[in-house]
Amino acid sequence: MDKLVIRGGNALLGTVRISGAKNAALPCMAAALLTDEPVILENIPQVRDIETTRKLLAAMGAEVELGYGRAHHRTTICARTLASPEASYELVKTMRASTLVLGPLVARCGRAHVSLPGGCAIGARPIDLHIKGLERLGAMITQEHGYVEAITDPLKGDRLQGAEIVFDKITVTGTEDLLMAATLAEGETVMQNCAREPEVADLAALLNAMGAKIQGAGTSTIHVKGVSRLHGARHRIIPDRIEAGTFIVAGALTGGDLNVAGCNPAHLTAILQKLAETGVKTAVKADSVRVMGDQPLKAADLNTEEYPGFPTDMQAQYMALATQAAGTSIITENIFENRFMHAQELVRMGADIKIEGRRAIVRGGTALSAAAVLASDLRASASLVLAALVADGETIIDRVYHLDRGYEHIEEKLKAVGAEIRRVGDIFPKRAAAPART
Ligand code: EPZ
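Residues numbered from 1 in each chain as written. Predicted model: local features only at pLDDT ≥ 70, side-chain atom pairs only at ≥ 80, totals over all residues. Heavy atoms only, no water.

## Notes on the overall build of the protein
Of regular secondary structure, the protein possesses 14 helices and 24 strands. Taken over C-alpha atoms, the radius of gyration comes to 22 Å for the protein, in line with the 22 Å a tight globule of 438 residues would show. Taking all contacts inside the protein whose residues are at least 6 apart in sequence as the whole, residues at least 24 apart take part in 73%. As displayed, the protein has an accessible area near 17,600 Å², and 50% of this comes from carbon and sulfur atoms. Across the protein, the 48 positively charged side chains and the 50 negatively charged ones have centroids separated by 3 Å. (Helix = DSSP H or I, 4+ residues; strand = E, 2+ residues; numbered from the N terminus. Rg over C-alpha atoms; globule rule 2.2 N^0.38 Å. Contact = heavy atoms within 4.5 Å. Areas by Shrake-Rupley, 256 points an atom, 1.4 Å probe, with all protein chains shown as cover. Lys, Arg positive; Asp, Glu negative; His and termini not counted. Charge placed at Lys NZ, Arg CZ, Asp CG, Glu CD.)

## Observations concerning the sheet that holds strand 22 (residues 372-374)
Strand order in the open sheet formed by four strands is 22-23-1-24, with mixed pairing between adjacent strands. Each of the sheet's edge strands pairs with one partner strand only, and the pair in question is strand 22 and strand 24 (420-424). Shown here is a sheet whose adjacent strand axes are inclined to one another by a mean of 20°, direction ignored. Here strand 22 runs beside strand 23 (residues 394-398); their pairing, made up of three bridges, is parallel. (Pairing = 2+ DSSP bridges. Axes fitted to C-alpha atoms, helices over the stretch in contact; angles between N-to-C directions.)

## Concerning the pattern of salt bridges
Enumeration over the complete set of coordinates arrives at 29 salt bridges. Across the pair Arg234 and Glu42 runs a salt bridge whose closest N-O atoms are separated by 2.6 Å. One end of the pair, Arg234, is in strand 14 (residues 233-236); the other, Glu42, is in strand 3 (residues 39-42), and 192 residues separate them in sequence. Take Glu42: its relative accessible area is 17%, and that puts it in the buried class. Members of the salt-bridge network, linked through shared partners, are Asp2, Asp404, Glu411 and Arg423. (Salt bridge = Lys/Arg side-chain N within 4 Å of Asp/Glu carboxyl O. Buried < 20%, exposed > 50% of the residue type's maximum accessible area, 1.4 Å probe, protein only.)

## With respect to the pairing of strand 16 (residues 281-285)
In the sheet, strand 16 pairs with strand 17 (residues 288-292) via five bridges, with the strands oriented antiparallel. Note on strand 17: the bridge partner recorded for Val284 is Val289. Turn length for the strand 16-strand 17 hairpin, with the two strands adjacent in sequence and antiparallel, is two residues.

## What about the pairing of strand 13 (residues 222-225)?
Residues Ile222 and Val224 point to one face of strand 13 and are all buried, whereas His223 and Lys225, pointing to the other face, are not buried. As judged from the four bridges shared by strand 11 (residues 188-192) and strand 13, these two strands associate in the antiparallel manner. Counted as the bridge partner of Glu188 is Lys225 from strand 13.

## Some thoughts on the sheet that holds strand 4 (residues 63-68)
Spatially, four strands are ordered 4-5-3-14 in an open sheet, and the strand pairing comes out mixed. Two strands close off the open sheet at either side, each with one partner strand: strand 4 and strand 14. Geometrically, the sheet is characterised by an average inter-axis angle of 10° between neighbouring strands, direction not taken into account. Alignment of strand 3 against strand 5 (residues 73-78), held across four bridges, turns out to be antiparallel. Note that in strand 5 the partner of Glu42 across the bridge is Arg74.

## Considerations on the layout of surface pockets
The calculated volume of the second largest pocket comes to roughly 610 Å³. Every residue lining the second largest pocket is counted, 27 residues in all, and those nearest its centre are Arg17, Ile18, Asn43, His73 and Glu408. For the lining of the second largest pocket, the secondary-structure elements that each account for two or more residues are strand 2 (13-17), strand 5 and helix 14 (410-415). In the lining of the second largest pocket, the residues fall into nine nonpolar, 10 polar and eight charged. (1 Å grid on protein atoms, 1.4 Å probe; cavity = no way out; pocket = protein on both sides within 12 Å on 5 of 7 lines; lining within 4 Å. Points joined across faces, edges and corners; volume = space filled by probe spheres on them. Nonpolar A, V, L, I, M, F, W, Y, C, P; charged D, E, K, R; others polar.)

## A word on the side chain of Glu345
Among the structural elements, Glu345 can be located in helix 11 (residues 341-348). With a relative accessible area of 14%, Glu345 lands in the buried category. Separated by 2.9 Å, the side chain of Glu345 and the backbone nitrogen of Leu374 make a polar contact. If we skip the residues at most four places from it in the chain, Glu345 touches Val373, Leu374 and Leu384. (Polar contact = N/O pair within 3.5 Å; in protein donor to acceptor, adjacent residues only side chain to side chain.)

Any functional reading would require information beyond the geometric quantities listed.
Structure representation (structure tokens):
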């Protein structure tokens, strides 16, 4: 199992280029199921979740080409025929976002057999709102043996029916799943209390390029006029705002001068505003943010909120920064019920953090010392990398496969701007099996 070894103390200097957004690429790949024509997606990040999605679509019978070259990070998906509109537990358990195929499969094939995702490190992660929304669109849903079986109603022409949907809670993939389903429904669908994340708007841009009729994506209310079929399209995935935020924090934490290029600062407003409160200096251009870490950091409280509020996916990274800021920061995680797994690992490196339910009280200004630490989920592992960049000594981060799910070539990118970081296999190689007793 790969590990990252990071020696702290180097300021990050130079330019780092941001990859395409994993959380935009995943729904866009699922959207290709809605047509029998090729969909070409560019700026696809080379991360594990994309490979998992490739396997998932191929298992259904879609043709999926996926290539990463200097010139392009591109996938071409053609779901000409879908022999088995299913998503097995084997794949879904490794990536809960697989449930994004539920809406497209029911809309395209009239049925879907998708494993329930189960929980993960950060929370229960139910999909009850996805299911309720599909029922509003006329799908008939049963759940048994850990799977969701969804079919369209033969009495309604085996086609989903447009409806009014109001989400009980704001859900990003719930909004995306139902947006995709509604594109092929009969009649108009109005969805309210939708997620406003940029990844939703990016998905809608692809769907409209495929011939869908969507208005209002990126706002709380989305209107969809159903069409009978969608055609192929070519689309470029937006930059990853969470990767950008992670590197901006890295530049600030290490006292560096880092140009984070190829990002969309318009997606970073809440992040940049909060970092400015802590004293971080930035210079923002059309597609880059330069962060200058030459100012002392000061504590600032944080509440994670749905977009355009401060993203929960940046909470762990902010906590690493808060450990170095003068004063006490109170971090409240409002989206997930168990997203402080990184806190105890930071404490093992010397941080002073107390968890009280949904709140973490971080007493900053504590020197961090290197330690052997364990990644528990994607963004927690990013938090440990950030802490290791400023810790005294050599930190070993285990289970970095979590990191590889959402950060493309992170060690190469960090090394290129001055970090002392390397990826190794098992540092403590397993002892050779004792010779069989004769
Ligand atoms: C998306 O997950 C992201 N994943 C997550 O990023 C991100 O943390 C999350 O949105 C919040 O921004 C992708 O886009 C692939 P939600 P999602 O549905 O859609 C509850 C990362 O690090 N809820 O918006 O699964 C849920 O339990 C990942 O890249 C229900 O109760 O999150 C949570 O408390 C981690 N019922 C809240 O809503 C439902 O049917 C928000 O979840 C759905 C959600």
